[in-house]
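The primary structure of each chain is shown beneath.
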Amino acid sequence: MGILDFLKRKPESTATVARERLRIIVAQERSTRGAPDYLPMMRNELLEVIKKYVHVDLDAININFERDSGHEILELSVTLPEGKPAIGNPARNEATIG
Amino acid sequence: MTAEIIVVTSGKGGVGKTTTSASLATGLAMAGKKVAVIDFDVGLRNLDLIMGCERRVVYDFVNVVHGESTLKQSLIRDKRHDNLYVLAASQTRDKDALTQEGVEKVLDGLSEDGFDYVVCDSPAGIEKGAHLAMYFADHAVVVVNPEVSSVRDSDRILGLLASKTRRAERGDGPVTQHLLLTRYNPARVAIGEMLSVKDVEEILGIEVVGVIPESENVLTASNNGIPVIVDADSLAGQAYSDTVARILGEVRPLRFIDVPKKGFLQRVFGG
């Protein structure tokens with residue numbers, strides 16, 4: 001293996017890692033900006049309830065808060081895992097509470 | 001004629017707000033404007049040191065707000081520029097010593113006295129002092145370092161500028177946002193160790209108004225109590241001059257964002 005090959009095999013630069021991490025967190029924080037403070041806590045509590053019936057993790061819950069002229073929309077979507085039946089309960093694969 | 005109010009803010013501490021406030025105010029004064037620069041960091045006065053007037057502080061911002069001194073008594077005239085004044089923060093009072101009405105009264109007073117610009121040097125954080133520094137602003141200079149926590153905090157601040165200011169509340173049109181990238185090291189960017197100008201612009205969705213290279217002259221300037229913009233030989237000073245010109249509406253290309261090609265002598269002696 002030549003020196004050039006060795007030099008080419010660089011791991012991803014730390015600036016690239018920083019950029020990607022920032023892209024994700026900034027987008028996430030912007031999407032919840034101006035939303036009520038209780039959203040993260042509500043999300044966790046909802047997760048606890050859902051966990052009683054199906055095995056899902058935190059990433060499976062997506063809460064979206066939108067403010068339109070005059071009214072606010074809280075959208076909650078839960079992606080349920082396939083093939084893992086709920087404990088005693090038949091679960092549909094996607095539930096959206098509007 | 002009302003004064004244009006410019007807040008220098010960042011969220012994160014230690015990114016160069018006070019250095020920027022001092023150089024921005026001085027640069028505006030060098031351009032012939034009548035300028036006041038106010039330290040909003042009540043309890044942690046520092047702008048006076050960077051401006052080199054720490055031994056001439058008699059009355060401060062809180063004194064004026066509480067009617068214990070007049071504006072005229074409290075404004076400290078700059079040693080080098082007759083049309084530049086500093087209003088120091090209080091060292092002894094706590095951050096609750098400032099009120100929205102009090103700050104408004106001082107800003108109105110400066111407008112009546114014919115000031116063209118008031119530069120508000122915000123404290124770090126997003127609490128009361130930072131809120132009051134940005135509340136009345138027409139323009140904001142958001143100082144950011146090419147570093148993850150600073151970039152994230154500045155996004156927070158951009159959001160606050162769009163919602164928690166008098167302009168936003170009254171629907172008077174947005175606060176003009178200027179992103180200033182400081183402590184930039186082109187050599188580290190070139191080898192992938194530091195976020196680039198483009199990275200920061202893309203993440204925050206806003207163009208930079210200037211890029212200040214990391215420079216030893218900044219420390220030298222603060223050691224001496226002379227704003228770095230006065231040092232026309234330093235790269236940081238020149239970059240600040242460019243930034244002030246852009247804020248005044250001039251179009252100037254970015255400089256010092258690429259790795260300088262060093263000659264032999266420079267390699268040996270530095271520079």
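Residues numbered from 1 in each chain as written. Chains lettered and ligands numbered in written order. Predicted model: local features only at pLDDT ≥ 70, side-chain atom pairs only at ≥ 80, totals over all residues. Heavy atoms only, no water.

S.K.: How should the overall build of chain A be read in this particular structure?
M.R.: A tally of regular secondary structure across chain A gives three helices and three strands. Along chain A, from the amino end to the carboxyl end, the secondary structure elements read α-α-α-β-β-β. Within chain A, the fraction of its 98 residues that count as buried is 20%. If you sum the accessible surface of chain A, you get close to 7,800 Å²; carbon and sulfur atoms cover 55% of it. (Helix = DSSP H or I, 4+ residues; strand = E, 2+ residues; numbered from the N terminus. Buried < 20%, exposed > 50% of the residue type's maximum accessible area, 1.4 Å probe, protein only. Areas by Shrake-Rupley, 256 points an atom, 1.4 Å probe, with all protein chains shown as cover.)

S.K.: In this structure, what is going on with the packing of helix H7 (residues 148–163) of chain B against helix H10 (residues 197–204) of chain B? I would like to understand it.
M.R.: The relative placement of two packed helices comes down to the angle between their axes together with the axis-to-axis distance. All names here are of chain B. It is at 10 Å that the axes of H7 and H10 come closest, and there the two elements cross at 40 degrees. The orientation of H7 relative to H10 falls into the category oblique. Judged by the twist between their axes, the crossing of H7 over H10 is right-handed. Residues Val151, Ser154, Asp155 and Leu158 of H7 form the contact with H10, whose participating residues are Val200, Ile203 and Leu204. (Axes fitted to C-alpha atoms, helices over the stretch in contact; angles between N-to-C directions. Parallel < 35°, antiparallel > 145°, perpendicular 65-115°, else oblique. Left-handed = near helix turned anticlockwise from the far one by under 90°. Contact = heavy atoms within 4.5 Å.)

S.K.: What am I meant to see in the interface of chain B and chain A here?
M.R.: Interface extent is often summarised as the accessible area lost during association of the parts. In this assembly, 15 residues from chain B lie in contact with 12 residues from chain A. A per-residue breakdown of the area chain B buries against chain A is headed by Arg152(B), Asp155(B) and Ile203(B), which together make up 43% of the total. Between chain B and chain A we count four salt bridges in total. Arg19(A) serves as the salt-bridge partner of Asp199(B), at 3.0 Å between the closest nitrogen and oxygen. For the pair chain B and chain A, the interface holds eight residue pairs in polar contact (both at pLDDT 80 or more). Counting residues per element, the ones that place at least two in the side of chain B that touches chain A are H7 and H10 of chain B. Considered class by class, the residues forming the side of chain B that touches chain A number six nonpolar, three polar and six charged. (Buried area = accessible area lost by both parts, 1.4 Å probe. Salt bridge = Lys/Arg side-chain N within 4 Å of Asp/Glu carboxyl O. Polar contact = N/O pair within 3.5 Å; in protein donor to acceptor, adjacent residues only side chain to side chain. Nonpolar A, V, L, I, M, F, W, Y, C, P; charged D, E, K, R; others polar.)

S.K.: Whenever I open this one, the pairing of strand S1 (residues 61–67) of chain A confuses me. Can you help?
M.R.: Summarising the sheet, S1(A) and strand S2 (residues 72–79) of chain A pair through seven bridges and their orientation is antiparallel. Residue pairing in the sheet places Asn62(A) in a bridge with Ser77(A) of S2(A). (Pairing = 2+ DSSP bridges.)

S.K.: Where do I start with the side chain of Thr26(B) in this structure?
M.R.: Residues and elements named next belong to chain B. For threonine 26, the location among the structural elements is in helix H1 (residues 17–30). Look at threonine 26 and you get buried, because its relative accessible area is 1%. Discounting chain neighbours no more than four positions away, the residues touching threonine 26 are Met51, His81, Leu84, Pro227, Ile229 and Val230.

S.K.: Is there a simple way to think about the pattern of salt bridges in this case?
M.R.: If you walk through the whole model with that rule in mind, you get 17 salt bridges over all chains. Of the charged contacts, one joins Arg77(B) and Asp82(B) as a salt bridge, the two residues approaching to 3.8 Å between their closest N and O atoms. Using a relative accessible area of 41% as the deciding quantity, one classes Arg77(B) as partly exposed. One salt bridge in this structure joins Glu193(B) and Arg188(B), with 2.8 Å as the shortest N-O distance. Since its relative accessible area comes to 39%, Glu193(B) is described here as partly exposed. Residue class for Arg188(B) comes out partly exposed when judged on its relative accessible area of 40%. Three or more residues are tied together by salt bridges with common partners; here these are Arg19(A), Glu20(A), Arg23(A), Lys198(B), Asp199(B) and Glu202(B).

S.K.: Before we go on, may I ask you to explain the sheet that holds strand S5 (residues 117–121) of chain B in this structure?
M.R.: What links the strands of a sheet is backbone hydrogen bonding, and the strands pair in either a parallel or an antiparallel sense. Residues and elements named next belong to chain B. Spatially, the eight strands line up as an open sheet ordered S3-S4-S2-S5-S1-S6-S7-S8, and their pairing is mixed. Taken across any chain shown, the strands that pair with only one partner, and hence form the sheet edges, are strand S3 (76–77) and strand S8 (208–213). Bridge count for strand S6 (residues 139–144) against strand S7 (residues 176–184) is six bridges, and the pairing is parallel. When the bridges of S7 are listed, valine 142 appears paired with leucine 179. On the sheet, H1 packs against strand S1 (4–9), strand S2 (35–39), strand S4 (84–87), S5, S6 and S7 and is oriented at approximately 170 degrees with respect to S5. Where helix H5 (residues 100–112) meets the sheet, its contacts fall on S1, S2, S4 and S5, and the angle it forms with S2 comes to roughly 165 degrees.

S.K.: Sorry if this is basic, but what is going on with unusual backbone geometry here?
M.R.: All names here are of chain B. Of note in this structure, arginine 183 is not a glycine but carries a positive phi near 55 degrees. When you line up the elements, arginine 183 lands in strand S7. With a phi angle near 60 degrees, phenylalanine 256 is a residue other than glycine that sits in the positive phi range. Tracing the backbone shows phenylalanine 256 in the loop between helix H12 (235–247) and helix H13 (264–269).

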